[in-house]
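# Examination of the molecular architecture
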Amino acid sequence: MTADRLLRAGAGLKPEHQRHILEARPDVGWFEVHAENYMGAGGPPHHFLERVRALYPLSVHGVGLSIGSANGMAPGHLGRLKSVVDRYQPFIVSEHLAWSTHEGTFLNDLLPLPYTEATLSLVARHVDEAQTVLGRTILIENPSTYLRFDGEEMPETDFLRALARRSGCGLLLDVNNVVVSAANHGFDPRAYLECFPHEHVGEIHLAGHAVLESDGDALYVDTHDRTISAEVWSLFRDVIARRGVRPTLIEWDADVPAWPDLEAEVQRAQSILQTAGGLDARAA
Amino acid sequence: MPAQPDGSGLADLQHRFAHAVLQAPLAVPDGIRHDVRPTRERRFGVYRNNVKASLAAALAARFPVVERLVGDEFFTAMALVFIERHPPRSPVLAEYGTAFANFLEGFDPAADLPYLPDIARLEWSRHVAFHSADASAADIGRLAELPPEALGSVRLGLHPAMAVIASPWPIVSVWTTNTHDATPEAPAADWTGETALVTRPHLDVLVQRLPPGADLLVAELAQGVALSAAAEAASRTHDSFDLATALATLFGAGAITTLSQGSSS
């Protein structure tokens, strides 16, 4: 039963919904939280998360470790992350292929990295350190990016494959990030997914994005503030049908809707997982 | 980008990138591809905006009454100045804003609202109380259970979420009217100062006025001073200090967690 539940669709846990979730106990597979929201000593965040955790499996998604910082990960942060992980015993722990801290200053965003051998060595070393301290495998997420650098040496999919092989980490495939980056850099998201090392994927993220038009040019921005686009749903359906079922999360972090709207997105992902899972079962 | 095996090329790039993100007038750093449309200025602008807008939103959520008193646009402009001067030092965003009240003290464009920094202190204390450690509040009935001879030497332990903000301005009145009333209202010129007590006995953060002298009582109790000595210190400074009223307020708000006898540490 538990294993089934972990292959289901889950939702990001938002403070707006937690009372309702505890009362109504909706039929969703699991919840995910941002680790950094649970690094305080006490209060309502821990009060509600403890109760939700008693009812549902939990995934902890870090957004502040700064695994790609050349001058070292965010000081003291790995210890804080370990406290959250030890306390809540999540079935997945994940972080991002990005950086956000420089010389002790925290730039509250997931900033892009140049894909070079030097970056790969650095990130692999940091992932190894994180996995050693946490005592478990973590998943690293492909980012949404808005610019690329001069002198890059490999595509993102090769970088992620090499990172997984070198550090033993798993990957979190964010299909919306693929669509956002593909639009911003002019590549085909299906070709990207064709090259993606799916054998390392332990979780999938789905979210909404914005399209900012100016002077005839469009930039896609990863906003997590709306429903998931038709293109993302279509790519997700293909990935699941061809590569197998993965625990899948709906992320909705800004302009958070009433619970039924978020639950509808979760159920839509769930039905895609079930259809593909059913096909798998018949084939086996 | 010069890709060097020791990663120093990446360190240089991140140094330039970080400064250009925070300092709006700085040009887009070298090393970013420019042979593509949209322009690299627009692309870099997404990161600049993500960083600044998310931090300004975090401050607005943390200081809603300050925002209401100065208006949305003014608050955002003020927040952007603060963010440039005091960027976050931790990825735990809940810790961001501790310097905001002191920043407001020296922010000339807001000088016509002299109570603004103390309102910010009150809102920051509420935010800290929300995330602070949990503890069970003691009932005032436990004082009555003590034998009379033990009352004076009892030491009262303060709740970790408790904070006291003394102000020459009526900060509790200003905060209350701008939190619960439809129309924001500035304090009248002759209003007197108020001392705010912030507590979180369970899930909800509470704000109330402390009676005169009670802040001195709390300061003494926080030092581990026994109740009678703490009350004497408060009475010496405030003629109108009333111990029974002060204790009723403190216990009622869940500010006290423990009653103990014995020497202070």
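Criteria and cut-off values
- Residues numbered from 1 in each chain as written.
- Chains lettered and ligands numbered in written order.
- Predicted model: local features only at pLDDT ≥ 70, side-chain atom pairs only at ≥ 80, totals over all residues.
- Pairing = 2+ DSSP bridges.
- Helix = DSSP H or I, 4+ residues; strand = E, 2+ residues; numbered from the N terminus.
- Axes fitted to C-alpha atoms, helices over the stretch in contact; angles between N-to-C directions.
- Contact = placed C-beta atoms within 7 Å.
- Buried ≥ 20, exposed ≤ 12 C-beta atoms within 10 Å, placed from the backbone.
- Domains from an automatic or database assignment.
- Parallel < 35°, antiparallel > 145°, perpendicular 65-115°, else oblique.
- Left-handed = near helix turned anticlockwise from the far one by under 90°.
- Core = buried A, V, L, I, M, F, W, Y, C linked by C-beta atoms within 7 Å.

### Here's the deal with the sheet that holds strand β7 (residues 139-141) of chain A
Residue and element names in this part refer to chain A.
- On the basis of which strands lie adjacent, the closed barrel formed by 8 strands has the order β1-β2-β3-β4-β7-β8-β9-β12 and parallel pairing. The average angle at which neighbouring strand axes cross in this sheet is 30 degrees, direction not considered.
- Two strands pair when backbone bridges link them, and strand β1 (residues 9-12) and strand β2 (residues 31-34) are joined in this way by 2 bridges, in the parallel orientation. Looking at the pairing, G12 lines up with E32 of β2.

### Things to note about the sheet that holds strand β2 (residues 163-166) of chain B
Residue and element names in this part refer to chain B.
- Within the open sheet, the 3 strands sit side by side as β2-β3-β4. Their pairing is antiparallel. For this open sheet the edge positions go to β2 and β4 (206-210), each flanked by a neighbour on one side alone. In this sheet, adjacent strand axes meet at a mean angle of 25 degrees when their direction is disregarded.
- In this structure, β2 lies alongside strand β3 (residues 195-199), joined through 4 bridges in antiparallel fashion. Within β3, the residue paired with V164 across the bridge is L197.
- Each of β2, β3 and β4 is contacted by helix α10 (residues 214-222), which is oriented at about 140 degrees to β2, the strand it contacts most.

### Some words on unusual backbone geometry
- The residue after B:R37, namely B:P38, is reached through a cis peptide bond having omega -5 degrees.
- Locating B:P38 in the fold gives a position in the loop between α1 (8-22) and α2 (40-62).
- A positive phi angle, close to 45 degrees, is found at A:R25, a residue other than glycine.
- With respect to the helices and strands, A:R25 occurs in the loop between α2 (18-24) and β2.
- Taking the number of C-beta atoms within 10 Å as the measure of exposure, A:R25 has 11 and is therefore exposed.
- Phi at A:Q89 takes a positive value of approximately 45 degrees, unusual for a residue other than glycine.
- Following the sequence through the fold, A:Q89 ends up in the loop between α4 (77-88) and β4 (92-96).

### Section: the domain arrangement of chain B
- Here chain B is described as being made up of domain 1 (1-113) and domain 2 (135-265).
- Computed from C-alpha coordinates alone, the two centres of domain 1 of chain B and domain 2 of chain B are separated by 38 Å.

### Things to note about the interface of chain A and chain B
- Tallying the contact residues gives 43 residues for chain A and 45 residues for chain B.
- Elements that contribute at least two residues to the side of chain A that touches chain B include exactly α3 (44-55), α4, β5 (99-102), β6 (105-111), α5 (117-134) and β11 (217-221) of chain A.
- At 6 residues, the largest contribution of residues to the side of chain A that touches chain B is made by β6(A).

### Describing the packing of α2(B) against helix α4 (residues 72-85) of chain B
Residues and elements named next belong to chain B.
- Contact pair α2 / α4: the axes reach a minimum separation of 9 Å and the direction vectors enclose 115 degrees. Regarding the angle of α2 to α4, the classification is roughly perpendicular. In terms of crossing hand, the pair formed by α2 and α4 is right-handed. Across the interface between the two elements, K52, L55, A56, L59 and A60 from α2 touch F75, T76, A79, L80 and I83 from α4.

### A look at the nonpolar core
- One finds A:V175, A:L206 and B:I119 to be the most contacted residues of the largest nonpolar core, which totals 146 residues.
- Sorting elements by how many residues they give to this core places helix α6 (residues 116-131) of chain B first, with 8 residues.
- Domain assignment of the residues forming this core places at least three in each of domain 1 (1-113) and domain 2 (135-265) of chain B.

### What about α10(B)?
Residues and elements named next belong to chain B.
- Taken residue by residue, α10 has A214, D215, L216, L217, V218 and L221 as its buried positions.
- Where α10 is buried, its residues meet β1 (155-158), β2, β3, β4, α11 (227-237) and α12 (243-252).
- Within two residues after α10, G224 carries a phi angle of roughly 85 degrees, on the positive side.

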